[in-house]
Amino acid sequence: MKLEFVGATRTVTGSCHYVETGDTRFIVDCGMFQGDDELNRLNRLPFPFDPSHLDFVLLTHAHIDHSGLIPRLARQGFKGRVYATAATIDLSKIMLLDSAHIQELEAGWQQRKARRAGEVPFEPLYTVDDAARSLSCFETVPFGQMVSLAPDVTARFRHAGHILGSAIIEVYLNPSASASGRVSTPAGPKIVFSGDLGNVNQPIIKDPEFVSDADFLVVESTYGDRVHEDRMGSMEKLKKVISDTWARRGNVIIPAFAVARTQDVVYDIATLAHRREIPPVKVFIDSPMAVSATEVFDRYRSEFDLETTALIEAGGDPFDFPGLQYVQTVEESRALNEITSGAVIISASGMCDFGRIKHHLKHNLWRPECTVLFVGFQARGTLGRRLQEGATKVRIFNEEVAVRAAIESIDGYSAHADRDALLYWVKSLRSKPRRVFVVHGESESAEAFAATLREALGTWVGVPQRGDSVDLASGETTVGTAGPTRPGEMEASGQAASLKAARKELDRAYAALRKALDQREAVKDPAALRMSRDDIARLTSMMKNLAQQDRTA
């Protein structure tokens, strides 16, 4: 029996974990890598397993970095079932078909470019037909019920509080059942996959559930090195951004993920409008996917938290208030670019790399009276990350656009738990896991959270690389080592390997910074040198994390 880490290792996207028992092979999530060219190239690498030999897929939630390669899995021979909650299936229908449409559009553009250059034609990762075929494999799993998926595998889905339908998945292995073919009380190890954990006390959906125990814990760390603003602080900043931009006679542009983030922001704008705490702005949801996703939210009111349920019962509707308009057609979207002031435009994609948001940025970024407000995580290499890090010019649709608008961020809207919430959730386990694997976070964040967990739990914690694995019977692992380590050596080797990886990452960052400083000094660009100060701040943060790990070890 083994668990192998395929994706979301020392990066936020591409979530995928392969599990092999005596007779059963399955994966948890099959997500798309998103970010710079290096990450995007990973989407085209062969799977490190044969898709046709997989028995099933367990899907934690519908976000593309967890579900986005399922159509490619089907394209390459997968014929098993994809188990997910009902809301996740409904959202996946929207998101995977949209993703496939983008793949086809991108491939068409690349093919024309390749033909002109006399190069090999560019094939899409998958097509709309592939996505539709994969969706026929989906099967609903209810929250909270033990479900037998194979003679030696039982699972239970629990509320993760990340987006509608998102789940923590408890996987119980029973190796003795594989030989007999009979399903009995699981006698083998239990693996818990946190998926993406949500913040507590967020609007609309329920908070994450707690899990009692785990032999092996796979936990996310997107915000494992920082603490979010509280919700009231987020609302106050949202109110200030809208009011200040209104006073400057500009527009607020909000790049937002169509699922969860859009609905959360709309909820708070509705609350502020109801209290008359913001000017009478017009709010446009310019994303057909977000419109469809909001309709799905409306169908699953049973998953809403007490606050939202009470609001609805009192006659309020967080998704329909005066001044809110849902934009569907291309013509309606284009018309928004004629609005010069008084608008809040919420549009996908959340990291600004594709979709209608790029048109709105093109028409508003250069205007100092406007504001671009980020309400979600921006992965390395994305347009959103470059704007957050202080870029003074960006290219949009092959046109250079000056960045004169105010760039603001509110991390309190993150659908991810922060360091303290993650730690609280892990510490709720009644017994220590044998092994904890920190995934779904960039290296600095993952290493910092791993150090936090080691100090808090006093148990072995590792940050896997792509291709690392653990033997689920013996506990031997290749995480952070050149070869397997034995259980008696786990604690010391895990700390040493973590420090080695952190130092290596620090060396890479330092070398990159030196090179960047040399280049920027040569061109004497004040804006570029200002960006260097941000690089130095990030490097200093990494050094502090490393010093903390040294003290812990």
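Whatever comes next refers back to the structure up there.
Positions within a chain are numbered from 1, following the residues in the order the chain's sequence is written. Where totals are concerned, whole chains, interfaces and linings use all residues; where local detail is concerned, this predicted model gives features only for residues with pLDDT of at least 70, and gives and counts side-chain atom pairs only at 80 or more. Remark: hydrogens and water are excluded; side-chain values derive from all non-hydrogen atoms of the structure.

Moving on, we come to the packing of aromatic side chains. Any two of the Phe, Tyr and Trp rings considered here, Trp counted by its six-membered ring, make a pair once their centres fall within 6.5 Å; the pair's planes then place it as stacked at under 30 degrees, edge-to-face at over 60, or tilted in between. This model, assessed by the stated rule, comprises 8 aromatic pairs. Measuring from ring centre to ring centre gives 5.3 Å for Phe47 and Phe49, while their planes differ by 20 degrees; the resulting arrangement is stacked. Across the pair, exposure class does not vary: Phe47 and Phe49 are buried alike. When the ring of Phe210 is compared with that of Tyr424, the centres are 5.6 Å apart and the planes differ by 75 degrees; the resulting orientation is edge-to-face. Each residue's exposure class comes from its accessible area (1.4 Å probe, protein chains only) as a fraction of the maximum for that residue type: buried when under 20%, exposed when over 50%, partly exposed otherwise.

Turning to helix H4 (residues 86-117), a few remarks are in order. Numbered from the N terminus, helices here are DSSP runs of H or I no shorter than four residues, and strands are runs of E no shorter than two. Take the number of residues in a helix, subtract one, and multiply by 1.5 Å to get its expected span. With 32 residues, H4 extends 46 Å from end C-alpha to end C-alpha; this agrees with the ideal 46 Å at 1.5 Å per step. Of all the bends in H4, the greatest, near 30 degrees, is centred on Ser92. We define the bend at any residue as the angle between the axes fitted to the seven residues before and including it, ending there, and the seven starting there.

The phi dihedral of Cys352 falls on the positive side, at around 70 degrees, and the residue is not glycine. Take Cys352: its relative accessible area is 0%, and that puts it in the buried class. Phi is positive for Asn398, close to 60 degrees, though the residue is something other than glycine. For Asn398, the position within the fold is in the loop between strand S17 (393-396) and strand S18 (399-402). Residue classification places Asn398 among the exposed residues on the basis of a relative accessible area of 64%.

A sheet is described by the order of its strands in space; here 7 strands give the open sequence S7-S8-S9-S10-S11-S20-S21, paired in mixed fashion. The open sheet has two edge strands with one neighbour each: strand S7 (147-150) and strand S21 (461-462). Criterion used throughout: strands pair if DSSP finds at least two bridges between them. Relative to S21, strand S20 (residues 435-439) is paired through 2 bridges, and the arrangement is parallel. Counted as the bridge partner of Val436 is Val461 from S21. Any two residues whose heavy atoms approach within 4.5 Å are treated as being in contact. Here an angle of 0 to 180 degrees is reported between the N-to-C directions of two axes, which are lines fitted to C-alpha atoms, with helices fitted over the stretch in contact. Contacting strand S9 (167-173), strand S10 (190-193) and strand S11 (216-220), helix H14 (residues 419-427) runs over the sheet at an angle of about 165 degrees to S11.

Now for the pattern of salt bridges. The term salt bridge refers to a side-chain nitrogen of Lys or Arg lying within 4 Å of a carboxyl oxygen of Asp or Glu. Counted according to the given criterion, the structure contains 27 salt bridges. The closest approach of N and O atoms between Asp244 and Lys240, which form a salt bridge, is 2.6 Å. You can see Asp244 and its partner Lys240 sitting in helix H7 (residues 231-247), 4 residues apart, about one turn around the helix.

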